[in-house]
Amino acid sequence: MKAEVLSIGSELTTGQNLDTNSQWLSRRLAEVGIPVGFHTTVADDLADNIQCFRIACGRADLVVATGGLGPTLDDLTREALAAVAGVGLVEDAASLEHIRALFAARGRVMPDRNRVQALFPAGAEPLPNPVGTAPGIWMNVGRAAVVAMPGVPSEMFRMFGEQVLPRLAAAGLGGGVFIQRKINTFGWGESQVEQKLADLTRRDHVPEVGITASDAVISLRILARAATLDEALAQVAPVEQTIRGRLGDLVFGAEDEELQDVVVRLLKEKGRSLAAAESITGGLVAHRVCLVPGASDVFCGGVVAYTDEAKARELGVPRELLDRFGAVSEPVARAMAEGVRAKFGVDLAISTTGFAGPGGGTAADPVGTAYVARADATGTEVTRFGWLGTRAEVMSRTAKLALNTARLRLLAAR
Ligand code: ATP
Ligand code: MG
């Protein structure tokens, strides 16, 4: 059993718009146990569409297409499908009535051109579209089941849920469940994490465990396939436990959880307040914390102090430290955190300083070097790290490093 997702539209092949339908559809199909073997994207060209449908119907059991069902001349899906199936186009009275009614409801007369949206390859089943003029198409071509839906994501989502999923089940396609669990870690590199979990990430392990790195966050994905949801969950649970056990506090969250979400949650749980003094991150730490709903309960504010002058004046960093060690140094990171902690009167303060590049840096602290500090009632600790990456990447990762030091401090706090 294998499916192919076919995205139709010149706005996609020209790069004007990103094909997000394929991603969405592949996830939904996986959830019902249908693996996707191919993604194809094709421009609004009849011969190319026919070729793509022909190839897809020859190699997949299920072909899920989106786009090209509009009323304009460049909408060719129904024609292409009729050609591939070797049948003509016939009008569906109910679909025509629905399209007319949609226009009438807005006090307009249906343009003649929209009539083509009521045409279907002979033998195909129309799929109603309650939120748009383009009905979908369900049909068989050879041994493949073919479904064509509108390209507009909101129309497609609804049609897939209401019309396609029940038909897939009725056709006996798929079956079983496929679930994914994502566990997020920060602090180690991909290979270090992999070494700790080598027995789990080997190819034939059930359930499958994969590692992905995204902007210094290393995530483990547990992929389980089973007959029932309970069985799939039972596969995932012990593996998740093993991963959490081995990685300890490197694990900061699951699914879409970000470091700032965890920091805000922990601040609330422990009844602590936070402020930030930022140089290299230019406000990114504050920005990310403020993305979390309810941040105002725990985040007091911050200072972006970019020049030496600003660090001295706004944060009280001693001139002598700046002159002697430079702004990118352990003592300055420390003084920044302590300065902002005093200024805002918060429990916990974090600071960032570093060389984002591409220019700058010193022999001892090359481009990519960052110092982050955290200060609270128990003292101040500074962490140094050397990143590889573009200016934006170094900034983003340093902000994460600072948030992570806050997280670790809060975890240990009573
Ligand atoms: P329909 O089948 O509903 O008539 P269409 O192809 O005729 O769709 P377009 O005008 O080409 O309509 O596309 C409608 C909108 O849907 C556009 O904004 C387009 O970018 C978006 N869209 C089409 N296909 C995709 C896709 N694969 N992923 C994301 N967006 C898409
Ligand atoms: Mg289109």
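Residues numbered from 1 in each chain as written. Chains lettered and ligands numbered in written order. Predicted model: local features only at pLDDT ≥ 70, side-chain atom pairs only at ≥ 80, totals over all residues. Heavy atoms only, no water.

Section: the site of ligand 1
Part 1 of the reasoning: As a structural note, the neighbourhood of ligand 1 is formed by 18 residues, with Asn-17, Asp-19, Gly-68, Gly-70 and Asp-75 the closest of them.
Part 2 of the reasoning: At 3.1 Å, a backbone N or O of Gly-151 approaches an oxygen atom of ligand 1.
Part 3 of the reasoning: For ligand 1, whose unbound accessible area comes to 620 Å², protein coverage reaches 77%. (Near = heavy atom within 4 Å. Polar contact = N/O pair within 3.5 Å; in protein donor to acceptor, adjacent residues only side chain to side chain. Areas by Shrake-Rupley, 256 points an atom, 1.4 Å probe, with all protein chains shown as cover.)

Digging into the environment of Leu-403
Part 1 of the reasoning: Position of Leu-403 among the secondary structure elements: in helix α15 (residues 391-412).
Part 2 of the reasoning: By relative accessible area, which is 0% here, Leu-403 ends up buried.
Part 3 of the reasoning: Taking C-alpha positions, Leu-403 is 50 Å from Ile-55, a pair spaced 348 residues apart along the chain. (Helix = DSSP H or I, 4+ residues; strand = E, 2+ residues; numbered from the N terminus. Buried < 20%, exposed > 50% of the residue type's maximum accessible area, 1.4 Å probe, protein only.)

Quick look at unusual backbone geometry
Part 1 of the reasoning: Cis geometry is adopted by the peptide bond preceding Pro-207, which originates at Val-206 and carries an omega value of -5°.
Part 2 of the reasoning: Mapped onto the fold, Pro-207 is located in the loop between α8 (198-201) and β10 (208-214).
Part 3 of the reasoning: Cis geometry is adopted by the peptide bond preceding Pro-358, which originates at Gly-357 and carries an omega value of 5°.
Part 4 of the reasoning: The topology assignment puts Pro-358 in the loop between β15 (348-354) and β16 (369-376).
Part 5 of the reasoning: Positive phi is not limited to glycine here, since Glu-255 has a value of about 55°.
Part 6 of the reasoning: Looking at the secondary structure, you find Glu-255 in the loop between β12 (251-254) and α10 (259-270).
Part 7 of the reasoning: Relative accessible area serves as the criterion here: at 31%, Glu-255 is assigned to the partly exposed category.

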